[in-house]
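Chain residues, written in single-letter form:
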Amino acid sequence: MAAAPSPSSPGGPEPEPPAVRYSELLQHLVGERRRPRNWDPAALGGIPSPAKSEEQKMVERAMESCAFKAALACVGGFVLGGAFGVFTAGIDTNVGFDPKDPYRTPTAKEVLKDMGQRGISYAKNFAIVGAMFSCTECVVESYRGKSDWKNSVISGCITGGAIGFRAGLKAGVIGCGGFAAFSAAIDYYLR
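No experiment lies behind these values; they were computed from the predicted model shown.

Caption draft 1: Local environment of the UniProt feature "transmembrane region" (unreviewed entry) in the protein chain. Per the UniProt entry, the sites bearing "transmembrane region" (unreviewed entry) are residues 66-91 and 171-190 in this numbering. The annotated region residues 66-91 carries 100% helix and 0% strand content, and the separation between its end C-alpha atoms amounts to 37 Å.

As structure tokens, then:
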């Protein structure tokens, strides 16, 4: 008695594979049935990092605070502004110039004094602008709960508007637009 050929035998008909339902597959990959996975860098061959201690968490919270960011921007702005002021004073031909006696050559002491005054003036201005921008950006980011390019544009508008508003409403609007555009350009370039 001959046995019936099995479906997997070479001479018999092959069974059809189960139909792939792409909608079911998509539901498991990106749809409502998707299960989030915790990606552990150690499991993927990355460098495992130990858990953070309480001191590390405390330092991290302090460095991410608005006060620290504003202070850092203030100090950085002061240093950058001072260097920029001294540089511009060095290439300015009117440093140490006395309008009462235009033919007199200024002494090195007078030139250095003018360079120092300009450096301090620029340093204070850059420090104030840096602190204002950083503080408003941090407040906007905390309020919105997102970290994206819109934060820098909004804070640039607030900072530029506040600086320009001292000269009037029109200057405030122009300052808002200009500083926001500059912030957007810098943020686009850096991100």
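On we go.
Caption draft 2: Fine view of the side chain of Ser-155. Positionally, Ser-155 belongs in helix H5 (residues 149-164). A distance of 2.9 Å separates the side chain of Ser-155 from the backbone oxygen of Asn-151, its partner in a polar contact.

Caption draft 3: Representation of the state of the cysteines within the structure. By the definition in use, this model includes 2 disulfides. There is a disulfide in this structure between Cys-66 and Cys-138, and the S-S distance comes to 2.1 Å. Here Cys-66 and Cys-138 share a disulfide; its torsion about the S-S bond, -85°, makes the bridge left-handed. You can see Cys-66 sitting in helix H3 (residues 66-91) and its partner Cys-138 sitting in helix H4 (residues 108-144), a full 72 residues away along the chain. Note on Cys-66: relative accessible area 23%, which makes it partly exposed. The disulfide partner of Cys-157 is Cys-176, and the S-S distance across this bridge is 1.7 Å. Taking the sign of the S-S torsion, -60° for the link of Cys-157 and Cys-176, the bridge is left-handed. Here Cys-176 lies in helix H6 (residues 169-190) and Cys-157 lies in helix H5, a separation of 19 residues in the sequence. Residue Cys-176 is classed as buried on the basis of its relative accessible area, which comes to 18%. Cysteine pairing in the protein chain follows 1-2, 3-4, where each cysteine in a disulfide is numbered by its order in the sequence.

What counts and what doesn't
Residues numbered from 1 in each chain as written. Predicted model: local features only at pLDDT ≥ 70, side-chain atom pairs only at ≥ 80, totals over all residues. Heavy atoms only, no water. UniProt positions renumbered as here; feature names shortened; annotations may be inferred. Helix = DSSP H or I, 4+ residues; strand = E, 2+ residues; numbered from the N terminus. Polar contact = N/O pair within 3.5 Å; in protein donor to acceptor, adjacent residues only side chain to side chain. Disulfide = S-S within 2.5 Å. Buried < 20%, exposed > 50% of the residue type's maximum accessible area, 1.4 Å probe, protein only.

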